[in-house]
Amino acid sequence: MKLDKYNVAQSSQSIEELTKEFFQYKGNYRDEVGQVYWKESDSAVSSKMSLKNRPNSRMVSFVSNDYLGLSQHPLVQSDAIRAINQFGTGFCAAPSIGGYSSLQKRLEDGISALLKTEDTLVFNSGFSANIGLFSALAKPNDIVFLDKGVHRSVFEGVRHCTCKILPHNDPEALDSALQRYKVEGCNLYVVIDGVYSQDGDQGLVREYLEISQKHGALLIVDDAHGIGVLGESGAGLLEELNLLGQVPLVTGTLSKAFGSIGGYVSGRKDLINYIRYYAGSCCFSVSLPPPCLAAALKSLELIPKATSERKELLAKAQYAKEKLQEAGFSTTDSTTPIVGILTPSYDEAILWAERLLQHDVYIVPIGYPAVSKRCPRLRLALSNLHSYRDIDFLISKLLTVTKKDYKYMPRKRRSSAEIAHLIDKATEDIVREKGFGGLSIQEVCDQAEIEPALFYRRYPEGFAFYVEKFIRDHDFWLSHYEEFPVEKLNRSPENLTQILLYLWKQIAEDGLLSSLLRLELQDSPLDAAVEIAKVREIQTEDLVDFFTQASESPNTLKIQLAILTAGIQYLALHKNISTFCGIDFTSIPEGEIETALMQMLKCILRSKDK
């Protein structure tokens, strides 16, 4: 759903007009796409579950973050029931005015012992913990530096502050930003995740801690997805890094590995004491119910003993990642039970998820703003309750539903995602064969085997809007940079040759990419073509900088690389028109091009070795 379009902060409409318009949009979206989110379940949310309207179908589910399966553990459930019998179903009072139970105190002390911190404060959720923490500590003129991958709760919590969003896992960017924005009289906060909730990769806690201490900034680590899963005793990423007790503040949740509900802030006693009195989401919010606290307490007792379960869970996650890649799927660089299965577009993420439901697999599509517009995905969340057979079942069904010749639903039952997929596929085929000049709505609809009315129902803004959207969504140009990430390169001519050869093949062999480039070379390119060119420029700048580092003449090197890259683009576009300087590039073996490139690049990069 295009939730950003109807965000009150982005609109000048009155709230009455905005909510009415959104209500209509939501109804149309449900009719066309289906209920992609907010699905109603008729069972426990676990590795096997049932959804309403599919009562006879017991599906394999990958949506829960109950990593150790403790929400289904009989001892956890027994203690929750016992707590109801002893305390009732709720305390019905805020902790500051009578609702602070012995259960909560024991839980706070237990978390402190596990994390080797001085004190802990429990909140109603991990979300409210992050909101309360920043509402208590941060002033409007304070500066908060956020890794762009942190959880939404952090962004909500720092709205009242000056906020600087930094590239993901980039210590150099943090060091530079702290140096640049340090202002007398303001506090500096740095916020990262221990485990990032969408990619499943780990935060660079040690590096960020050292840099924060150097600049007098306070580091806060949200380890919601790490606690229970990582570390010998399940104390999270900080235990794995041997940093327990060294980070000033750690936040987390009880709704994942603990199998319950609630959140916490743990760290230095002076900070926790202050937050206890000034965090409104704790001080003025009713205490967690007795069964939730008791369940979390029992999980806290079981987590340190679950060493073999943790090892098995991480082994299953590694197995899933490897098998997905072997099957041809791209994944995020995960080292945890969260694995992102990358999809060509968000529409296809929805399409794959819809089709998987028909095969009794429940997994959710994730798109912008939860992740970058360029990285839509299916979010695979594994738990200890999943078997290797469940993972194999998922992959086998993924292979089925992503086939180009997958049997579509009958025409009258096609979802919006299926229609969008058919339209995009038809457009790709036409553009590869005829270029964008050959596009017409009738030709697209004929090739997609749909009626124009269905096209306009999916894209009511019209054909021109769709073409611009297609251009923005189908710029495959940058895929070669993903094949050669900077961290795996060594600045050698061989590395650069590989990249440029890959670029040559992409343009020379992919008619769609060639057509996109030709759009940019028009006298009056479309706004969408200009936008993607600018985005590409930003994303390729890091690569050029990488190859020019340590050079005596970096600007000259940049110019040379730009000329070389532009030349490869031009030759690839030119090769089907005629020979170039008498050379037929369609008949030259790749080895000859590689040799010629290598010799040029050795000369260009030689200055770095002087």
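Rules of the game
- Residues numbered from 1 in each chain as written.
- Predicted model: local features only at pLDDT ≥ 70, side-chain atom pairs only at ≥ 80, totals over all residues.
- Heavy atoms only, no water.
- UniProt positions renumbered as here; feature names shortened; annotations may be inferred.
- Helix = DSSP H or I, 4+ residues; strand = E, 2+ residues; numbered from the N terminus.
- Rg over C-alpha atoms; globule rule 2.2 N^0.38 Å.
- Buried < 20%, exposed > 50% of the residue type's maximum accessible area, 1.4 Å probe, protein only.
- Areas by Shrake-Rupley, 256 points an atom, 1.4 Å probe, with all protein chains shown as cover.
- Lys, Arg positive; Asp, Glu negative; His and termini not counted.
- Charge placed at Lys NZ, Arg CZ, Asp CG, Glu CD.
- Pairing = 2+ DSSP bridges.
- Core = buried A, V, L, I, M, F, W, Y, C linked by side-chain atoms within 4.5 Å.
- Domains from an automatic or database assignment.
- Contact = heavy atoms within 4.5 Å.
- 1 Å grid on protein atoms, 1.4 Å probe; cavity = no way out; pocket = protein on both sides within 12 Å on 5 of 7 lines; lining within 4 Å.
- Points joined across faces, edges and corners; volume = space filled by probe spheres on them.
- Nonpolar A, V, L, I, M, F, W, Y, C, P; charged D, E, K, R; others polar.
- Axes fitted to C-alpha atoms, helices over the stretch in contact; angles between N-to-C directions.
- Salt bridge = Lys/Arg side-chain N within 4 Å of Asp/Glu carboxyl O.
- Buried area = accessible area lost by both parts, 1.4 Å probe.
- Polar contact = N/O pair within 3.5 Å; in protein donor to acceptor, adjacent residues only side chain to side chain.
- Phe/Tyr/Trp six-rings, centres within 6.5 Å; stacked < 30°, edge-to-face > 60°.

In the nomenclature of an unreviewed UniProt entry, the protein is known as Aminotransferase, class I/II of Porphyromonas endodontalis. A UniProt comment under Sequence similarities (unreviewed entry) is attached to the protein, and it reads "Belongs to the class-II pyridoxal-phosphate-dependent aminotransferase family. BioF subfamily." Database annotation for the protein, UniProt heading Cofactor (unreviewed entry): "pyridoxal 5'-phosphate".

In this section: the overall build of the protein. Across its full length, the protein carries 24 helices and 13 strands. Taken over C-alpha atoms, the radius of gyration comes to 27 Å for the protein, in line with the 25 Å a tight globule of 610 residues would show. Projected onto its principal axes, the C-alpha positions of the protein cover 90 × 65 × 55 Å. When burial is assessed residue by residue, the protein has 52% of its 610 residues classed as buried. Only carbon and sulfur atoms are counted for the fraction: they give 52% of the accessible area of the protein, which is about 29400 Å². Within the protein, one finds 67 positive and 78 negative side-chain charges whose respective centroids are separated by 4 Å.

So, on to the sheet that holds strand S2 (residues 59-61). Across the sheet, three strands lie side by side as S1-S2-S11; this open sheet has mixed pairing. At either margin of the open sheet sits one strand with a lone partner, and together these are strand S1 (48-49) and strand S11 (361-362). Of the pairings in the sheet, the one linking S2 to S11 comprises two bridges and is parallel in character. Directly across from Val60, in S11, lies its bridge partner Val361.

It is worth spelling out the pairing of strand S13 (residues 377-381) at this point. If a strand is regular, its side chains alternate between the two faces of the sheet. When you tally the buried positions in S13, you get five out of five residues, the bulk of the element. The two faces of S13 match: Arg377, Arg379 and Ala381 on one face and Leu378 and Leu380 on the other face are all buried. Of the strand pairs in this sheet, strand S10 (residues 338-342) and S13 are connected by five bridges, and their pairing is antiparallel. From the neighbouring strand, Ile341 faces S13, where its bridge partner is Leu378. Pairing between strand S12 (residues 364-366) and S13: three bridges, direction antiparallel. Across the sheet, residue Val364 finds its bridge partner in S13, namely Arg379.

Counting residues in hydrophobic clusters, the biggest one holds 107 residues, and the most contacted among them are Leu249, Ile275, Leu380 and Leu398. The residues that make up this core include at least three from each of domain 1 (40-68 + 307-401) and domain 2 (91-288). If sequence neighbours within four positions are ignored, Leu398 has contacts with Leu324, Phe329, Ile341, Trp352, Leu356 and Leu378.

Summed over all chains, the structure comprises three cavities of 30 Å³ or more. Contributing to the lining of the largest cavity are Pro95, Gln104, Val122, Phe123, Asn124, Ser281, Cys282, Ser285, Val286, Ser287 and Leu288. Broken down by secondary-structure element, the contributors of at least two residues to the lining of the largest cavity are strand S3 (119-123) and helix H10 (280-283). Residue classes in the lining of the largest cavity are distributed as six nonpolar, five polar and no charged. If you add up the space inside the second largest cavity, you get close to 40 Å³. Among the residues forming the lining of the second largest cavity, the class breakdown is five nonpolar, three polar and no charged.

As summarised here, the arrangement of the seven strands in space is S3-S9-S8-S7-S6-S4-S5, forming an open sheet in which the pairing is mixed. Among the strands making up the open sheet, the edge pair consists of S3 and strand S5 (162-166). Taking the axes of each pair of neighbouring strands and ignoring which way they run, one obtains an average angle of 20 degrees across the sheet. The pairing of strand S4 (residues 143-147) with strand S6 (residues 188-193) spans four bridges and is classified as parallel. From the neighbouring strand, Leu146 faces S6, where its bridge partner is Val191. The sheet strands contacting helix H3 (residues 102-115) are S3 and strand S9 (263-267), and the helix crosses S3 at an angle near 130 degrees.

Here we take up the pattern of salt bridges. When charged atoms on two side chains of opposite charge get close, those side chains can pair. Tallying each qualifying case throughout the model produces 24 salt bridges. When the shortest N-O distance is used, the salt bridge between Glu312 and Lys316 registers 3.3 Å. Residue Glu312 and its partner Lys316 are both found in helix H12 (residues 307-326); the two are separated by four residues, about one turn of the helix. Judged by relative accessible area, which is 4%, Lys316 ranks as buried. As a salt-bridge pair, Lys469 and Asp347 come within 3.9 Å of each other at their nearest N and O atoms. Of this pair, Lys469 sits in helix H18 (residues 463-473) while Asp347 sits in helix H13 (residues 346-358), placing them 122 residues apart in sequence. In terms of burial, Lys469 and Asp347 fall into one category: buried. Through salt bridges with shared partners, a single network forms among Asp79, Arg82, Lys298, Glu301 and Lys305.

Attention now goes to the domain arrangement of the protein. Annotation of the protein at the domain level lists domain 1 (40-68 + 307-401), domain 2 (91-288), domain 3 (416-474) and domain 4 (481-606). Buried area between domain 1 and domain 2, summed over both chains or domains, comes out near 1500 Å², and the portion from carbon and sulfur atoms is 51%. A per-residue breakdown of the area domain 1 buries against domain 2 is headed by Tyr67, Arg310 and Ile338, which together make up 31% of the total. Put simply, domain 1 and domain 2 have one salt bridge between them. Arg377 is the salt-bridge partner of Asp199, the closest N and O atoms lying 2.6 Å from each other. Applying the counting rule to domain 1 against domain 2 returns 12 residue pairs in polar contact (both at pLDDT 80 or more). Looking at the side of domain 1 that touches domain 2, the elements with two or more residues in it are H12, S10 and S13. Top element by residues in the side of domain 1 that touches domain 2 is H12. It accounts for four residues. Its residues placed into classes, the side of domain 1 that touches domain 2 shows nine nonpolar, seven polar and five charged.

Enumeration according to the criterion identifies 15 aromatic pairs in this entry. Between Tyr466 and Phe470, the aromatic rings sit 6.1 Å apart at their centres with planes inclined by 50 degrees, giving tilted as the arrangement. Here Phe470 and Tyr466 lie together in helix H18, a separation of four residues that amounts to about one turn. Here the two residues Tyr466 and Phe470 agree in accessibility, since each one is buried.

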